[in-house]
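Single-letter residue listing:
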Amino acid sequence: MREELQTYIDKIPEVAKAARLEETFWINGKKIPHGEKTITRVNPSQIEDASRRLKRFAPYLKTVFPELETTGGIIESELREIPGMKELLNKEWGADIKGRLFLKMDSHLPVSGSVKARGGIYEVLKHAEDLALESGKLKETDDYSILASQEFRDFFGQYTVQVGSTGNLGMSIGIMSARLGFHVIVHMSADAKQWKKDLLRSRGVEVIEYADDYCAAVEQGRKNSDQDHMSYFVDDENSQNLFMGYSVAGERLKKQLEEQNIPVDEEHPLFVYIPCGIGGAPGGVTYGLKQAFGDAVHCFFTEPTHACCMLMGMATGLHDGVSVKDFGIDGRTEADGLAVGRPSAFVGRVVEPVLSGIATIEDAKLYDLMRGLLKEEDIFVEPSACASFGALIRPEDLHAYIRREGLEDKMGQAVHIAWATGGCMVPEETRKEYLRKGLKE
Ligand SMILES: *Cc1c(COP(=O)(O)O)cnc(C)c1O
């Protein structure tokens, strides 16, 4: 362990606990009322800009991905109530959920089957649009379905897109870039699953494998890309574009809740739990939710005990200046989408005034929760996605937060949303393997 970190362990009990690899629930003492109004690094007009861009691309997306026909080219997921899972959590996991429990099914997002279909696809589209506008081949007022033509495919084919990934980001960037015609290289860390590499290669994506962790794959990808002026690097450690792509989820969720006649206001608090890797996805979604609902929404991140980088970064205030390895934590987790040892350089700072807290969960529980969700609701999600239940199964800690916020008498009308971040593209064989994992023979 890095020696100067001992003072944080001595001073902050949650940091000490997380460093011992115990499940931890950290409440963010820096959250303030109307905190979203104090954020200056990004602003709400960027969400609008992203939202409009996704609408411009809808006719194109509908053309190239038939599964988007029904939504007119909008990539969005279902919000489904999961009463059976609520019962299971209350009865067998010691949870104390009084309101309603929903699943936000980004696990089933079309095109790439994970939350990365928000940010990752958005960033590729933005890059493609920038190039096409700059070349004079495209105007914002055009029908973007022309981008599916051979002329545009050849145009994008001159350029390369690169990304470092533990798997799902590579899937989104790879699938979308290849579809547009880009040459695309995905730098995969050791955590990445074989089937993801296979699928990408089948779509014409170049996959480079590393024996090392995520940060190493990113570093190599960035280096490669910097040497080629025709290459664009999707930088998960710093990207504002990814962040804005995720943030559009806020207004979309607001509309879905309205359609289902579910009120969210001071009397009807909304609790949202989002699995966190480097922080871009949960950070962007949180930013969007805060803009949509203000103080009525309470956002929590959830991380594996072995990859609790955002908790360490935010609780110490060191952000990307600290990695879990600095605390002697190995960063190894079965939740491959969350296997990140160092948090984003900017997300923790952005969400500091709005995030409610961070909970960590042991890997073994992810598989049991996954089986539970399948049995109760007939919904398959990948183990990473089940980290979203991590805060709900720590009722005493959650109550401490609820008391602190003065919400004790409102929880009966509360809505809880577990953000399922991935799963529908997991192949049958791997599913079976997951479903057997950790069971006694
Ligand atoms: C990437 C990912 C996350 C978290 O997103 P970050 O931007 O890395 O924080 C959560 N769940 C799954 C399944 C993911 O692939």
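Computed from a prediction, not measured in an experiment: that's the story for all the values here.

Once that is clear, we can look at the nonpolar core. One recurring pattern in soluble globular proteins: nonpolar side chains tend to sit buried together. Residues Leu89, Phe156, Leu270, Phe389 and Trp419 are the most contacted members of the largest nonpolar core, which totals 157 residues. Examining the composition of this core, we find that eight residues originate from one element, helix α5 (residues 116-135), more than from any other. Excluding anything up to four places from it in sequence, leucine 270 contacts Leu253, Leu257, Val264, Phe293, Ala296, Val297, His298, Val415 and Ile417.

For the rest of this paragraph, the subject is the sheet that holds strand β3 (residues 100-105). Read across the open sheet, the seven strands follow the order β1-β10-β9-β8-β11-β3-β2; overall the sheet is mixed. Edge positions in the open sheet fall to β1 (25-27) and β2 (79-81), since each of these has one partner strand only. Neighbour-to-neighbour, the strand axes of this sheet turn through a mean angle of 25°, independent of strand direction. Examined bridge by bridge, strand β8 (residues 270-275) and strand β11 (residues 415-420) share four bridges and lie parallel to one another. Bridge pairing in β11 places valine 272 opposite isoleucine 417. Helix α16 (residues 395-404) rests against β1, β8 and β9 (297-304) of the sheet, and its axis sits at about 10° to β1.

The N-to-C vectors of helix α15 (residues 363-377) and helix α17 (residues 428-436) enclose an angle of 110°; their axes lie 8 Å apart at closest approach. In terms of their interaxial angle, α15 and α17 are classed as roughly perpendicular. Residues Tyr367, Met370, Arg371 and Leu374 of α15 touch α17, and the partners they reach there are Tyr434, Leu435 and Arg436. When its residues are assigned to classes, the contact of α15 with α17 shows five nonpolar, no polar and two charged.

Next up on the list: the sheet that holds strand β4 (residues 160-165). Strand order in the open sheet formed by four strands is β6-β5-β4-β7, with parallel pairing between adjacent strands. Bordering the open sheet on either side are β6 (206-209) and β7 (231-234), each of which pairs with just one other strand. Taken over all neighbouring pairs, the strand axes of this sheet differ in orientation by 20° on average, direction set aside.

Mapped onto the secondary structure, serine 384 falls in the loop between α15 and α16. For serine 384, the side chain forms a polar contact with the main-chain nitrogen of glycine 337, separated by 3.4 Å.

So, how was this worked out
Residues numbered from 1 in each chain as written. Predicted model: local features only at pLDDT ≥ 70, side-chain atom pairs only at ≥ 80, totals over all residues. Heavy atoms only, no water. Core = buried A, V, L, I, M, F, W, Y, C linked by side-chain atoms within 4.5 Å. Buried < 20%, exposed > 50% of the residue type's maximum accessible area, 1.4 Å probe, protein only. Helix = DSSP H or I, 4+ residues; strand = E, 2+ residues; numbered from the N terminus. Contact = heavy atoms within 4.5 Å. Pairing = 2+ DSSP bridges. Axes fitted to C-alpha atoms, helices over the stretch in contact; angles between N-to-C directions. Parallel < 35°, antiparallel > 145°, perpendicular 65-115°, else oblique. Nonpolar A, V, L, I, M, F, W, Y, C, P; charged D, E, K, R; others polar. Polar contact = N/O pair within 3.5 Å; in protein donor to acceptor, adjacent residues only side chain to side chain.

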